[in-house]
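Spelled out, the chains give:
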Amino acid sequence: MLRLVASFLALVCLWPLAASAHGPTRQKVVETVEINAPADKVWAVVGNFQDMSWHPAFKKTEGQGGNDVGATRTLTLEGGGQIFEKLTKYNAEGKTLAYEITEVDVKVVPVTNYSASMTVTPDGDKSKVEWKSAFYRGYVNNDPPPELSDEAAVKAITGVFQSGLEALKKKLEGG
């Protein structure tokens, strides 16, 4: 009985340490936009994995492999940083693609283990574009610096998605 009580007390005392030692949790961002353009017209723009010229954050896109799974692209940001990505899923009929970041400096984008997808869904003469991702913060250990925290990672990806979807809408609606 004494052992049971001692074990219970040890567990109670050590519980806070175990709870704080779990490390980062996977974060998610989902953004959508409705575009007054047919889905085929929208997909013609976002469905080309080799071209992100519609996004204002990227001054150049270079890649290999077209829209085949395994294709790669390098996105060069206006500020000079680069993001290296690989296409992991492509379904032209379903108007969806998925990709992952294979390499990025966390000072450029404060994330690790990033994967994302874009889907275009028809809605009559309009379309809905959904861009979603899952990732870990840039600092994988406990107690991250503010610029590599969960909040910084979510804020960065949300900003990329929102500015991109706004620009896509403007481009396709002729604004």
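Scroll up to find the structure this text is about.
Every residue gets a number counted from 1 within its own chain, in the order that chain's sequence is written. For this predicted model, a pLDDT threshold of at least 70 governs which residues receive local features, and a threshold of 80 or more governs which side-chain atom pairs are given and counted, while totals over whole chains, interfaces and linings are taken from all residues. As a convention, hydrogens and water are excluded, and side-chain values are obtained from all of the structure's heavy atoms.

*Asks:* Any chance you could explain the pattern of salt bridges here in plain terms?
*Replies:* Between side chains of opposite charge, a pair can form as their charged atoms come close. Any Lys or Arg side-chain nitrogen located within 4 Å of an Asp or Glu carboxyl oxygen qualifies as a salt bridge. Evaluated as defined, the whole model comprises seven salt bridges. Its salt-bridge partner being glutamate 34, residue lysine 126 comes within 3.6 Å of it at the nearest N-O pair. Highlighted residues: lysine 126 in strand E7 (residues 126-137) and glutamate 34 in strand E1 (residues 27-35), separated in sequence by 92 residues. Think of it in three bands: residues with accessible area under 20% of the maximum for their type are buried, residues over 50% are exposed, and the middle band is partly exposed, with areas taken using a 1.4 Å probe on protein chains only. Taking the relative accessible area as the measure of exposure, lysine 126 reaches 33% and is therefore partly exposed. A salt bridge links arginine 73 to glutamate 85; its shortest N-O distance comes to 2.6 Å. Here the residue arginine 73 occupies a position in strand E3 (residues 72-77), and glutamate 85 occupies one in strand E4 (residues 82-91), the gap between them amounting to twelve residues. This pair shows no difference in class: arginine 73 is buried, exactly as glutamate 85 is. In this description a helix means any DSSP run of H or I spanning at least four residues, a strand means any run of E spanning at least two, and both kinds are numbered starting from the N terminus.

*Asks:* Looking at this structure, I do not really get helix H2 (residues 39-46). What am I missing?
*Replies:* Owing to its 3.6 residues per turn, the α-helix brings residues three or four apart onto one side. Among the residues of H2, those classed as buried are Ala39, Val42, Trp43, Val45 and Val46. All buried residues of H2 fall inside an arc of 160° around its axis, so they share one side. With respect to the buried face of H2, the exposed residues turned more than 90 degrees away are Asp40 and Ala44. Here a residue-residue contact requires only that any non-hydrogen atoms of the pair lie within 4.5 Å. Among the structural elements, E1, E4, strand E5 (96-104), strand E6 (111-123), E7 and helix H3 (150-172) are those in contact with the buried residues of H2. The directions from the helix axis to the C-beta atoms are what the arc is built from.

*Asks:* Got a minute to help me understand the nonpolar core in this structure?
*Replies:* Taken as a class, soluble globular proteins show a tendency for nonpolar side chains to be buried jointly. Tyr114, Val129, Trp131 and Leu168 are the most contacted members of the largest nonpolar core, which totals 37 residues. For this core, the leading source of residues is H3, giving six residues. In plain words, nonpolar cores are sets of buried Ala, Val, Leu, Ile, Met, Phe, Trp, Tyr and Cys residues tied together by side-chain atoms within 4.5 Å.

*Asks:* How should I be thinking about the environment of glycine 63 in this particular structure?
*Replies:* Mapped onto the fold, glycine 63 is located in strand E2 (residues 58-64). A residue is classified by how much of its surface remains accessible, and glycine 63, at 42% relative accessible area, is partly exposed. Along the chain, glycine 63 and lysine 86 lie 23 residues apart, while their C-alpha atoms are 9.4 Å from each other. Those residues in contact with glycine 63, other than ones at most four positions away along the chain, are Gln50, Thr72 and Arg73.

*Asks:* Hey, could you run me through a positive patch on the surface in this one?
*Replies:* Like-charged residues are merged into a patch within 9 Å and nonpolar side chains (Val, Leu, Ile, Met, Phe, Trp, Tyr) within 5 Å, provided each residue has over 30% relative accessible area and no salt bridge. Areas reported here follow the Shrake-Rupley algorithm with a probe of radius 1.4 Å; residue values treat only the protein chains shown as occluding. His is not counted here, nor are the chain ends, while Lys and Arg score as positive and Asp and Glu score as negative. Charged side chains are reduced to one point each, which is NZ for Lys, CZ for Arg, CG for Asp and CD for Glu. On the surface, Arg26, Lys28, Lys89 and Lys132 cluster together into a patch of positive charge. Within the element layout of this structure, arginine 26 appears in the loop between helix H1 (2-20) and E1.

*Asks:* It is not clear to me how the packing of aromatic side chains should be interpreted in this structure. Could you clarify?
*Replies:* Each aromatic ring pair is described using two quantities: the centre-to-centre distance and the angle formed by the ring planes. By convention, a stacked pair of Phe, Tyr or Trp rings (six-membered ring in the case of Trp) has centres within 6.5 Å and planes under 30 degrees apart, an edge-to-face pair has planes over 60 apart, and any other such pair is tilted. If you walk through the whole model with that rule in mind, you get six aromatic pairs. Relative to tyrosine 114, the ring of tyrosine 99 lies with its centre 6.0 Å away and its plane at 45°, an arrangement referred to as tilted. Residue tyrosine 99 is located in strand E5, and its partner tyrosine 114 is located in strand E6; the two are separated by 15 residues in the primary sequence. Residue classification places tyrosine 99 among the buried residues on the basis of a relative accessible area of 3%. Accessibility expressed as a relative area gives 5% for tyrosine 114, which makes it buried. Judged by centre distance (4.2 Å) and plane angle (10°), the rings of tryptophan 131 and phenylalanine 161 are stacked. Remark: phenylalanine 161 occurs in helix H3 and tryptophan 131 occurs in strand E7; sequence separation between them is 30 residues. For the pair shown, tryptophan 131 and phenylalanine 161 are each scored as buried.

By themselves, these are just geometric observations and shouldn't be taken as functional.
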